[in-house]
Amino acid sequence: MGGPTGVIHGVGLGPGAADLMSVRAHRLLSGARHVAFFRKAGRAGRARKTVDGILPQGVIEFAMEYPVTTEISVDHPDYNAALSGFYADCCGHLRALAEQGEDVVVLCEGDPFFYGSFMHLYTRLKDSVPVQVVPAITGMSAAWTATGLPITWGDDVLSVVMATLPEDDLVRHMRSADALVVMKIGRNIDKVRNALRAAGKYDDAWLVECASLGEQTVQKLSQAEGRVTPYFSIVMVHGQGRRP
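Values in this document were obtained by computation on a predicted structure and should not be read as measured data. (Residues numbered from 1 in each chain as written. Predicted model: local features only at pLDDT ≥ 70, side-chain atom pairs only at ≥ 80, totals over all residues. Heavy atoms only, no water.)

### Observations regarding the overall build of the chain
Consideration 1: Check the secondary structure of the chain and you find seven helices and ten strands.
Consideration 2: For 244 residues, the compact-globule estimate of 2.2 N^0.38 gives 18 Å, and the chain sits close to it at 19 Å.
Consideration 3: Along the first, second and third principal axes, the C-alpha set of the chain runs to 65 × 45 × 35 Å.
Consideration 4: The burial tally for the chain puts 44% of its 244 residues in the buried class.
Consideration 5: Partitioning the contacts of the chain with sequence separation of at least 6, the portion at a separation of at least 24 is 70%. (Helix = DSSP H or I, 4+ residues; strand = E, 2+ residues; numbered from the N terminus. Rg over C-alpha atoms; globule rule 2.2 N^0.38 Å. Buried < 20%, exposed > 50% of the residue type's maximum accessible area, 1.4 Å probe, protein only. Contact = heavy atoms within 4.5 Å.)

Next comes the structure, spelled out in structure tokens:
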């Protein structure tokens with residue numbers, strides 16, 4: 001019989017500030033022998049930069065470089081084919097380490113189960129090797145906190161929508177929500193502006209960039225006309241529901 005199987009840990013790092021990650025996440029990172037993380041080719045990777053100074057000396061790093069990001073539309077067949085093969089290759093490497101008895105810490109921006117790439121590894125690995133997930137503060141939580149205003153009151157319904165959706169879908173979701181978070185902004189900012197105007201919520205929208213980090217900015221969206229926004233910006237509209 002072989003030795004014990006190692007564990008794949010999907011570790012949520014939170015919104016980006018190292019002191020906002022959990023104690024459990026810090027413990028796993030500081031004792032890691034193997035660490036894996038996603039990044040765009042040629043970049044250091046946001047998740048990897050977050051843990052600078054926490055990983056021990058001698059840790060073995062496995063950089064998982066996306067074969068495609070925004071070069072191909074998400075609804076193009078080549079997009080899914082490229083990413084599916086990529087995730088399968090990554091899982092093969094991680095599974096082999098676990099079967100050799102090695103624990104692996106996979107770095108996850110935000111929370112691993114909230115629109116993160118780790119989910120695509122999790123579904124492929126969970127039935128063959130042990131996988132444990134460490135939850136974390138989401139980027140949207142850091143963003144609405146940065147505005148200094150509660151996001152929901154009383155019976156408010158909060159909707160989280162992706163800016164990558166078609167404009168008509170954005171408008172529909174925006175109209176039905178009491179409180180609203182729009183993620184994955186970047187080049188979709190003009191579409192988001194148009195949808196908010198159509199939904200009658202533009203003047204109440206806020207734009208938060210780089211929530212929790214030193215370069216964080218917070219302003220009303222209407223005051224950021226013409227501004228180029230990063231992909232990881234978040235737009236939000238606060239609920240105004242029931243309160244005592």
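### Re the packing of aromatic side chains
Consideration 1: For the structure on display, the rule yields nine aromatic pairs.
Consideration 2: Here Y66 and F86 contribute two aromatic rings whose centre-to-centre distance is 5.7 Å and whose plane-to-plane angle is 50°, an arrangement assigned as tilted. With a gap of 20 residues between them, Y66 in strand 3 (residues 60-66) and F86 in helix 3 (residues 77-99) connect regions that are remote in the sequence.
Consideration 3: For F86, a relative accessible area of 10% puts it in the buried group.
Consideration 4: Taken together, a centroid distance of 6.3 Å and an interplanar angle of 45° make the contact between F118 and Y122 tilted. Taken as a pair, F118 and Y122 lie in helix 4 (residues 118-125) at a separation of four residues, close to a single helical turn.
Consideration 5: The structure contains a cluster of three or more aromatic residues connected by ring pairs, namely F38, Y66, F86 and Y87.
Consideration 6: Seen from the ring of F232, R46 lies directly overhead, with NZ or CZ sitting 4.2 Å from the centre.
Consideration 7: The ring of Y202 carries the charged tip of R197 above its face, separated from the ring centre by 4.2 Å. (Phe/Tyr/Trp six-rings, centres within 6.5 Å; stacked < 30°, edge-to-face > 60°. Lys NZ or Arg CZ within 6 Å of the ring centre and 35° of its normal.)

### Focus: the nonpolar core
Consideration 1: Within the largest apolar cluster, 22 residues are counted, with the highest numbers of intra-cluster contacts made by I8, M64, L94, V106, L121 and L125.
Consideration 2: Within the residue set of this core, elements represented by two or more residues are strand 2 (34-40), helix 3, strand 4 (104-108) and helix 4.
Consideration 3: The biggest single contributor to this core is helix 3, with nine residues.
Consideration 4: Counting residues in each nonpolar core, the second largest holds 20 residues, with M174, V182, L196 and L207 among its members. (Core = buried A, V, L, I, M, F, W, Y, C linked by side-chain atoms within 4.5 Å.)

### Examining the side chain of K201
Consideration 1: Here K201 shows up in the loop between helix 7 (189-199) and strand 8 (205-209).
Consideration 2: Buried and unpaired, K201 has no salt bridge, with D178 as the nearest side chain of opposite charge at 6.2 Å.
Consideration 3: Setting aside chain neighbours within four positions, we find K201 in contact with M174, R175, A177, D178, L196 and V237. (Lys, Arg positive; Asp, Glu negative; His and termini not counted. Salt bridge = Lys/Arg side-chain N within 4 Å of Asp/Glu carboxyl O.)

### Quick word on the environment of A63
Consideration 1: Mapped onto the fold, A63 is located in strand 3.
Consideration 2: Residues A63 and C90, 27 residues apart in the sequence, show an inter-C-alpha distance of 9.4 Å.
Consideration 3: In this structure, A63 is in contact with F37 and R39, ignoring residues within four places of it in sequence.

### Let's talk about helix 5 (residues 139-146)
Consideration 1: For helix 5, every residue scored as buried is listed here: M140, A142, A143 and W144.
Consideration 2: The inward-facing, buried residues of helix 5 abut strand 6 (158-162), strand 7 (179-183), strand 8 and strand 10 (234-237).
Consideration 3: A positive backbone phi angle near 75° is found at G148, which sits one or two residues after helix 5.

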